[in-house]
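# Coordinate inspection notes
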Amino acid sequence: MSTYTQILYQIVFSTRFREPTMIPVGREQLYQYIGGVLKNKNCHPYQVGGFSDHLHIITSLHPSISLADLIKDIKLSTTKHIKENRVFPYFNGWQDGYGAFTYGLDALDNLVRYVKNQEEHHKKKGSMDEYLELLQSHNIQYDLKYLI
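What you see is a predicted model, and the numbers here were worked out from it, not measured in a lab.

Assigned secondary structure in the protein chain consists of 5 helices and 4 strands. Reading the protein chain from its N end, one meets helices and strands in the order β-α-β-β-α-β-α-α-α. Its C-alpha atoms give the protein chain a radius of gyration of 15 Å, within 12% of the compact-globule value 15 Å for 148 residues. Looking at the 148 residues of the protein chain, the share that counts as buried comes to 47%. Approximately 8,600 Å² of the protein chain is accessible, and the part contributed by carbon and sulfur atoms is 50%. Of the side-chain charges in the protein chain, 16 are positive and 15 negative, and the distance between the mean point of each set is 5 Å.

Right, here's the structure in full:
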């Protein structure tokens, strides 16, 4: 029997200390690069986006890929890419952790729209408030001292 899965993930992680180092001019390049990393891992990149201090990745994972390994690979390869290509001059790395939230496929259109509209969304709400809402809406217990 073959392996079949349909798990949609929203992965969220921030720059180190939530510093707003991802300037607009380099973001699209970074998003495309992450899409390439996902494809190379046989994952489907539905949408990658973010704001000056964090990323959102909407993807499904290939059954042979672990979530932790995928995020580790994304963080390592993007850090190298950002520094070698000077995409964000003041970028100082990614936060240690991440958030990963699962959804059914029926949520895909709303998730993609939400990630595409991050710039507009963050005119009204800060990234920490957004992240706290995600944690709370998924009933995830957290300690504030680890969220910075």
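We are not done yet, so read on.
Quick look at the sheet that holds strand β2 (residues 44–51) now. Picture the strands of a sheet paired through backbone hydrogen bonds; they go either parallel or antiparallel. Taken together, the 4 strands give an open sheet; going across it, the order is β2-β3-β1-β4, and neighbouring strands pair in antiparallel fashion. Pairing within the sheet leaves two strands with one partner each, and these edge strands are β2 and β4 (99–103). Here the average twist between neighbouring strands, direction ignored, is 15°. Its contacts with the sheet place helix α1 (residues 24–40) against β2 and β3 (54–60), and it is angled at close to 150° to β2. Contacts from helix α3 (residues 108–116) reach β1 (8–14), β2, β3 and β4, with the element oriented near 35° to β2.

Right, let's get into α3. Those residues of α3 not exposed but buried are Leu108, Leu111, Val112 and Val115. Along the axis of α3, the buried positions cluster into a sector of 95°, meaning they face one direction only. Turning to α3, the residues buried within the fold contact β1, β2, β3, β4 and α4 (118–121).

Definitions and limits used
Residues numbered from 1 in each chain as written. Predicted model: local features only at pLDDT ≥ 70, side-chain atom pairs only at ≥ 80, totals over all residues. Heavy atoms only, no water. Helix = DSSP H or I, 4+ residues; strand = E, 2+ residues; numbered from the N terminus. Rg over C-alpha atoms; globule rule 2.2 N^0.38 Å. Buried < 20%, exposed > 50% of the residue type's maximum accessible area, 1.4 Å probe, protein only. Areas by Shrake-Rupley, 256 points an atom, 1.4 Å probe, with all protein chains shown as cover. Lys, Arg positive; Asp, Glu negative; His and termini not counted. Charge placed at Lys NZ, Arg CZ, Asp CG, Glu CD. Pairing = 2+ DSSP bridges. Axes fitted to C-alpha atoms, helices over the stretch in contact; angles between N-to-C directions. Contact = heavy atoms within 4.5 Å. Arc of directions from axis to C-beta.

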